[in-house]
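Descriptive analysis of the structure
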Amino acid sequence: MVDTIYSAMEFYGKGDPYFGGTAADWALYKTEDGGHAFISAADAQRRKLVMAYFPTEAEAEKAGTAASTRKGSISADPIKPDSKS
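Since the model is a prediction, treat every value here as computed from it, not as a measurement.

Side note on the pairing of strand S3 (residues 36–39)
- Where strand S2 (residues 26–30) meets S3, four bridges bridge the pair, whose relative direction is antiparallel. Looking at S3, one finds that Lys30 is bridged to His36.
- Taking the residues between adjacent antiparallel strands as the criterion, S2 and S3 are bridged by five residues, where Gly34 takes a positive phi near 90 degrees.

Below, the structure written as C-alpha cells:
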C-alpha cells in the first residue's frame, strides 16, 4: 500500500475576502475532459469533479504548474490514504 499521495493547491491573492482581501486558494481537480484545472470547491462540487491525486510531490507540483492560469503559488500537499479502503 502507498503511504502518501499528493494533491496540488494554488494560493492566489492576499487577505481574507470577508475583510476585502483577494485570497482564493483552490485545489487541483480532474476536469470532465480528463485534464486538470484549479477550481473553487463550490464549483467542483456543483460539477461533481474529483480532486487530482499524484504518487509523488514532484508530479503534483508539475501538474499544478501546468494547470495554473492565475500564476499563483503552487504547493504539493501530502495526503495519507484512508487505510479502511
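As for unusual backbone geometry
- Although it is not a glycine, Lys48 adopts a positive phi angle of roughly 60 degrees.
- Within the secondary structure, Lys48 is located in the loop between helix H1 (41–47) and strand S4 (50–51).
- Lys48 gets classed as exposed once you look at its relative accessible area, which sits at 73%.
- One non-glycine residue with positive phi stands out, namely Lys71, at about 55 degrees.
- As for its position among the elements, Lys71 is in the loop between helix H2 (57–67) and strand S5 (73–79).

Overview of the packing of aromatic side chains
- Enumeration over the complete set of coordinates arrives at one aromatic pair.
- Ring geometry for Tyr18 versus Phe19: centroids 5.0 Å apart, planes at 85 degrees, classification edge-to-face. In this structure, Tyr18 and Phe19 share a single accessibility class: exposed.

Overview of the environment of Asp77
- Among the structural elements, Asp77 can be located in strand S5.
- For the pair formed by Asp77 and Tyr6, sequence separation is 71 residues and the distance between their alpha carbons is 5.4 Å.
- If sequence neighbours within four positions are ignored, Asp77 has contacts with Ile5, Tyr6, Ser7 and Met9.
- Reaching out from Asp77, the side chain makes a polar contact with the side chain of Ser75 at a distance of 3.2 Å.

Basis of the calculations
Residues numbered from 1 in each chain as written. Predicted model: local features only at pLDDT ≥ 70, side-chain atom pairs only at ≥ 80, totals over all residues. Heavy atoms only, no water. Pairing = 2+ DSSP bridges. Helix = DSSP H or I, 4+ residues; strand = E, 2+ residues; numbered from the N terminus. Buried < 20%, exposed > 50% of the residue type's maximum accessible area, 1.4 Å probe, protein only. Phe/Tyr/Trp six-rings, centres within 6.5 Å; stacked < 30°, edge-to-face > 60°. Contact = heavy atoms within 4.5 Å. Polar contact = N/O pair within 3.5 Å; in protein donor to acceptor, adjacent residues only side chain to side chain.

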